[in-house]
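Notes for the structure review
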Amino acid sequence: MDNLSNLIEGFANILTPLNLLFALIGVTVGTAVGVLPGIGPAMTVALLLPITYGLDPTQAMIMFAGIFYGGMYGGSTTSILLNTPGESASVVTALEGNKMAKAGRAAQALATAAIGSFVAGTIGTALLVLVMPQVVAFAIELGSPEMLAILLVAFVGASAVLGSSRVRGFASLLMGLTIGVIGIDFVTGQQRLTFGSAQLADGIDVVVVAVGIFAVGEALWVAAHLRRKAGTVIPVGRPWMGREDWRRSWKPWLRGTAFGFPFGAIPAGGAEVPTFLSYLTERRLAKRPEEFGHGAIEGVAGPEAANNASAAGTLVPMLAIGIPTNATAAIMLSALQGWGLEPGPFLIEKQPLLVWTLVASLFIGNTMLLLLNLPLAPIWAKLLQIPRPYLYAGILFFATMGAYAVNAQPFDLFLLLALGLVGFMLRRFGLPVLPLIIGVILGPLAEKHGRRSLQLSGGDLNGLIGGPVAWVCYVIIAGVILWPLLAKVLPGRRPHDRDHTPTEVSA
Amino acid sequence: MSDPQVDTTGAAATTRRDRAQYAVCAALAGLGVLLLVDAARIPHVTSSNDPLGPKPVPMVLGVLLIVVAIFYAIDVWRGGVGEAEAGEDVDLGTRADWKTVGLLVVVFGVNAMVIDTLGWVISGSLLFWGCAFALGNRHHVRGLAFGITLSLITFYAFAIGLGVNLPAGILKGIL
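As named in an unreviewed UniProt entry, chain B is Tripartite tricarboxylate transporter TctB family protein, taken from Intrasporangium calvum.

If you look chain A up in an unreviewed UniProt entry, it shows as Tripartite tricarboxylate transporter permease from Intrasporangium calvum.

To continue, consider the overall build of chain A. Check the secondary structure of chain A and you find 20 helices and two strands. For 507 residues, the compact-globule formula gives about 23 Å, and the C-alpha radius of gyration of chain A, at 22 Å, lands near that figure. Along the first, second and third principal axes, the C-alpha atoms of chain A reach 70 × 55 × 50 Å. For chain A, the residues scored as buried account for 65% of the 507 residues in total. Working note: accessible area of chain A is about 17,600 Å², and carbon and sulfur atoms make up 67% of it. Of the charged side chains in chain A, 31 are positive and 27 negative, and the gap between their average positions amounts to 12 Å.

Across its full length, chain B holds six helices and zero strands. In chain B, the order of α-helices and β-strands from amino to carboxyl end is α-α-α-α-α-α. In terms of overall dimensions, chain B is more spread out than a globule: its C-alpha atoms have a radius of gyration of 24 Å, far above the 16 Å expected for 175 residues. With the C-alpha coordinates of chain B rotated into their principal frame, the extents come out at 60 × 60 × 25 Å. In chain B, buried positions account for 40% of the 175 residues. By sequence separation, contacts in chain B at least 24 residues apart represent 64% of the contacts at least 6 residues apart. Carbon and sulfur atoms provide 70% of the accessible area of chain B, an area that totals close to 8,700 Å². Separation of charge centres in chain B, based on 11 positive and 13 negative side chains, amounts to 9 Å.

With that out of the way, let us pick up the interface of chain A and chain B. Contacts between the two partners involve 87 residues from chain A, matched on the other side by 88 residues from chain B. Of the roughly 7,600 Å² buried between chain A and chain B, counting both surfaces, carbon and sulfur atoms make up 68%. Where chain A touches chain B, the interface holds five salt bridges. Of the charged contacts in the structure, one is a salt bridge between A:R427 and B:E85, with a shortest N-O distance of 3.4 Å. At the junction of chain A with chain B, the criterion picks out 16 residue pairs in polar contact (both at pLDDT 80 or more). Among the elements that take part in the side of chain A that touches chain B, helix α17 (residues 388-407) of chain A stands out by supplying 15 residues, more than any other. Here the residues of the side of chain A that touches chain B are counted per class, giving 52 nonpolar, 18 polar and 17 charged.

The next point concerns the packing of aromatic side chains. The final tally for this structure, using the stated rule, is 13 aromatic pairs over all chains. Between A:Y390 and B:F128, the aromatic rings sit 6.1 Å apart at their centres with planes inclined by 10 degrees, giving stacked as the arrangement. Pair noted here: A:Y390 is in helix α17 and B:F128 is in helix α5 (residues 120-134), and the two residues belong to different chains. Each member of the pair, A:Y390 as well as B:F128, carries the same accessibility label: buried.

Time to look at helix α4 (residues 98-118) of chain B. Structural remark: α-helix, 3.6 residues per turn; residues separated by three or four positions point the same way. Under the 1.5 Å per step criterion, the end-to-end length of α4(B) is 29 Å for 21 residues, consistent within 8% with the ideal 30 Å. A maximum bend of about 35 degrees is found in α4(B) at B:A112. Buried within α4(B) we find B:T100, B:V101, B:L104, B:V107, B:F108, B:G109, B:N111, B:A112 and B:I115. Buried residues in α4(B) make contact with α10 (206-224), α17 and α18 (411-428) of chain A together with α5 of chain B. Where α4(B) ends, the next residue or the one after it, B:G119, has phi of about 90 degrees, a positive value.

For the rest of this paragraph, the subject is unusual backbone geometry. Residue and element names in this part refer to chain A. For L193, which is not a glycine, the phi torsion comes out positive at approximately 55 degrees. Tracing the backbone shows L193 in the loop between β2 (191-192) and α9 (198-201). Despite not being glycine, A408 shows a phi value in the positive range, around 55 degrees. One can find A408 in the loop between α17 and α18.

This part takes up the packing of α5(B) against helix α6 (residues 140-161) of chain B. Residues and elements named next belong to chain B. At their nearest, the axes of α5 and α6 sit 8 Å apart, and the two run at 140 degrees to each other. Classified by the interaxial angle, the pair formed by α5 and α6 is oblique. Crossing hand, α5 versus α6: right-handed. Between α5, through W120, V121, G124, S125, F128, W129 and F133, and α6, the contact on the second element is made entirely by H140, G143, L144, F146, G147, I148, L150, S151, L152, T154 and F155. Of the residues contributing to the contact of α5 with α6, the split by class is 11 nonpolar, seven polar and no charged.

Bringing the pattern of salt bridges into the picture now. All names here are of chain A. Scanning the model with the defined rule gives 19 salt bridges over all chains in all. Close ionic contact of R427 with E218 constitutes a salt bridge, the shortest N to O distance being 2.8 Å. With a gap of 209 residues between them, R427 in helix α18 and E218 in helix α10 connect regions that are remote in the sequence. Given a relative accessible area of 2%, R427 falls into the buried group.

On to the UniProt feature "domain: DUF1468" (unreviewed entry) in chain B, then. When the UniProt feature table is mapped onto this chain numbering, "domain: DUF1468" (unreviewed entry) sits at residues 24-167 of chain B. Taken end to end, residues 24-167 of chain B comprises 68% helix and 0% strand; its first and last C-alpha atoms sit 38 Å apart.

The next point concerns the confidence of the model for chain B. Residues and elements named next belong to chain B. The share of residues in chain B with pLDDT of 70 or more is 91%, and the mean pLDDT across the chain is 86. The weakest mean pLDDT in chain B belongs to helix α1 (residues 11-15) at 43; the strongest belongs to α5 at 95. Across residues 1-15, confidence stays below pLDDT 50; counting only partners more than four residues off in sequence or on other chains, it has 29 contacts. Taken over the whole predicted complex, pTM reads 0.85, whereas the ipTM for its chain interfaces reads 0.88.

All names here are of chain B. This chain's UniProt record puts "transmembrane region" (unreviewed entry) on residues 20-37, 57-74, 101-132 and 144-166. Segment residues 57-74 splits into 100% helix and 0% strand. End C-alpha atoms: 26 Å apart. Structurally, residues 101-132 is divided into 97% helix and 0% strand, and its ends, taken at the C-alpha atoms, are 12 Å apart.

Attention shifts here to the domain arrangement of chain B. Examined at the domain level, chain B breaks down into domain 1 (6-77) and domain 2 (98-171). Once you take the C-alpha centre of each, domain 1 of chain B and domain 2 of chain B turn out to be 37 Å apart.

Looking now at the nonpolar core. By size, the foremost hydrophobic cluster in this structure holds 210 residues, and its most contacted members are A:F64, A:M132 and B:Y72. Broken down by element, the residue count for this core peaks at 17 residues, all from helix α16 (residues 352-382) of chain A. Residues lining this core come from more than one domain, with at least three contributed by each of domain 1 (6-77) and domain 2 (98-171) of chain B. Setting aside its immediate chain neighbours within four residues, A:M132 contacts A:L319, A:A320, A:I348, A:V355, A:W356 and A:V359. Grouped together as the second largest cluster of nonpolar side chains are five residues, A:V92, A:Y279, A:F292 and A:A296 included.

Moving on to a nonpolar patch on the surface. All names here are of chain B. A grouping of L126, L144, I148, L152, Y156 and I160 is seen on the molecular surface, where their side chains present a nonpolar patch of about 490 Å² in accessible area. No other element matches the five residues that α6 contributes to the nonpolar patch. Following the sequence through the fold, I160 ends up in helix α6.

Conventions we followed
- Residues numbered from 1 in each chain as written.
- Chains lettered and ligands numbered in written order.
- Predicted model: local features only at pLDDT ≥ 70, side-chain atom pairs only at ≥ 80, totals over all residues.
- Heavy atoms only, no water.
- Helix = DSSP H or I, 4+ residues; strand = E, 2+ residues; numbered from the N terminus.
- Rg over C-alpha atoms; globule rule 2.2 N^0.38 Å.
- Buried < 20%, exposed > 50% of the residue type's maximum accessible area, 1.4 Å probe, protein only.
- Areas by Shrake-Rupley, 256 points an atom, 1.4 Å probe, with all protein chains shown as cover.
- Lys, Arg positive; Asp, Glu negative; His and termini not counted.
- Charge placed at Lys NZ, Arg CZ, Asp CG, Glu CD.
- Contact = heavy atoms within 4.5 Å.
- Buried area = accessible area lost by both parts, 1.4 Å probe.
- Salt bridge = Lys/Arg side-chain N within 4 Å of Asp/Glu carboxyl O.
- Polar contact = N/O pair within 3.5 Å; in protein donor to acceptor, adjacent residues only side chain to side chain.
- Nonpolar A, V, L, I, M, F, W, Y, C, P; charged D, E, K, R; others polar.
- Phe/Tyr/Trp six-rings, centres within 6.5 Å; stacked < 30°, edge-to-face > 60°.
- Expected span 1.5 Å × (residues − 1).
- Bend = angle between axes of the 7 residues up to and from the residue.
- Axes fitted to C-alpha atoms, helices over the stretch in contact; angles between N-to-C directions.
- Parallel < 35°, antiparallel > 145°, perpendicular 65-115°, else oblique.
- Left-handed = near helix turned anticlockwise from the far one by under 90°.
- UniProt positions renumbered as here; feature names shortened; annotations may be inferred.
- pLDDT = per-residue confidence, 0-100.
- Domains from an automatic or database assignment.
- Core = buried A, V, L, I, M, F, W, Y, C linked by side-chain atoms within 4.5 Å.
- Patch = residues over 30% accessible without salt bridge, like charges linked within 9 Å, V, L, I, M, F, W, Y side chains within 5 Å.

Structure below.
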């Protein structure tokens, strides 16, 4: 087994004191910010990006992986103890988790969430090891026309399938693609949308966009609607589970994992759908369905596992094809670009040690999280008491520092403020954030593949439509775009109301 | 986009029509026009290596932006409302607090103007204190103390420790 020896090499690489330290920093910071209201893993990775440019890419990726998983652990703590989930993926956990906490079973809810996340994360990472090389083997054969088609599927998926309104998703995507156009054209050297500004000629750095939209936008949005009275936090002791809780939890963990991983792995799958499916399944299969709505442990165990398994799943397209399916993965990809590494099917060939160390660090980080979170839960819960003026002032402080550090020019700070106001507008009008970020990061790549396809065909537009893979992609895109029409025409089917379900992309 | 059941968004949709959304449509259309105008300015450069040239992509994006703006406006006209984002600290029951947002924008802008001259340690401390003040903090000494501590720690850890670009400003030589 080639993979196995690669993975063992990855483990050997991470088991140095310094790398373990980075993993520990990652999971600690990740959990802390996951618990803190208003900060999600995507914002954290964006804020930390500029200061990691001085580090070795492998070490930075180890840290990011820890933040990615840790953020999810922390998020479940918040939704169980405070009943106001910060991330859309934790909405379902809050349904039963907060009821359990109110009934005095907070310790059990936190325990089943933490252990379930560990189980799902470990199985999910193992599946990643099995699946990723197959996807790479498939993707490495793809030419530019196919890559273009896959990128277009990612665009349409992020805009039309996730989120609550298709037209708002596309609006957000187009804004992102427009930001991606700014700067000097990479082939001809022509300036586009720079208005003669030398500072815009290099384009807008993805870090500035991400920090502006996530951190500054979020801080301004919260400032406009700050809850003057903080929510009540339910006090909690050390998490533990009794024999009965274990008996009721282990099956939902495994079923949740089965839902989460595939949804994470497909472009535009996300974590919202599998957590919700897992919740519905557990309610149907429960021996005592009447407990649902009053704090059923199955309703915490299943969705939490689905959430973490989907996080592992998102790493498959991210590492194997270079396509992010959630905001954190999108920013981790832009980090790779920052070090001059090109994400995509060749990444694993050119940087095998980086990829396999990252995978190994996921196993290590997951274990650290379990050891860290079970005993420390009461301390994490204290973070929820931090005064809000200091919290959001701190976010703006670090956002400024990160954006300035990229190019050391005050111009970027004005850009950051402008993008923060765009982020405010997105939140005010219910436009999803993810399509914009995906547009900024993948837009230039899509243009490159489009132009390369035409180069290969000598300018013939048929060159854009390559082999069968591209055909399948375009059929999927047509299906997604025409779906509202199809739903109306098909007999006996009511128009799907997916367009207006309140799912939001988390910051 | 063409979903007839737009009214199912919830109570907010029926009680209040959100006309400010038309401004977003106008902004999107304006962005589209801007892209088209800018693209028209680009000379038509093509070669055998690059038969497409730099022009078509911004042109296509410009047209799509205008199309999406029209569909968006139709959706708003039919009563569609984008759901404002909720969060742990967000209370959507209140009106937007523009005074706080305005103050934050001012503090942020001042920092951008003075960061190079005063240096990160001073401007960052003021930024933290000012933002906390705008958000309702009235413990001035404590706010300033936190700000100074944070900017000193970040300056030494990142600028000196990791080589991150942060300006020393007028404190150059002292820090």
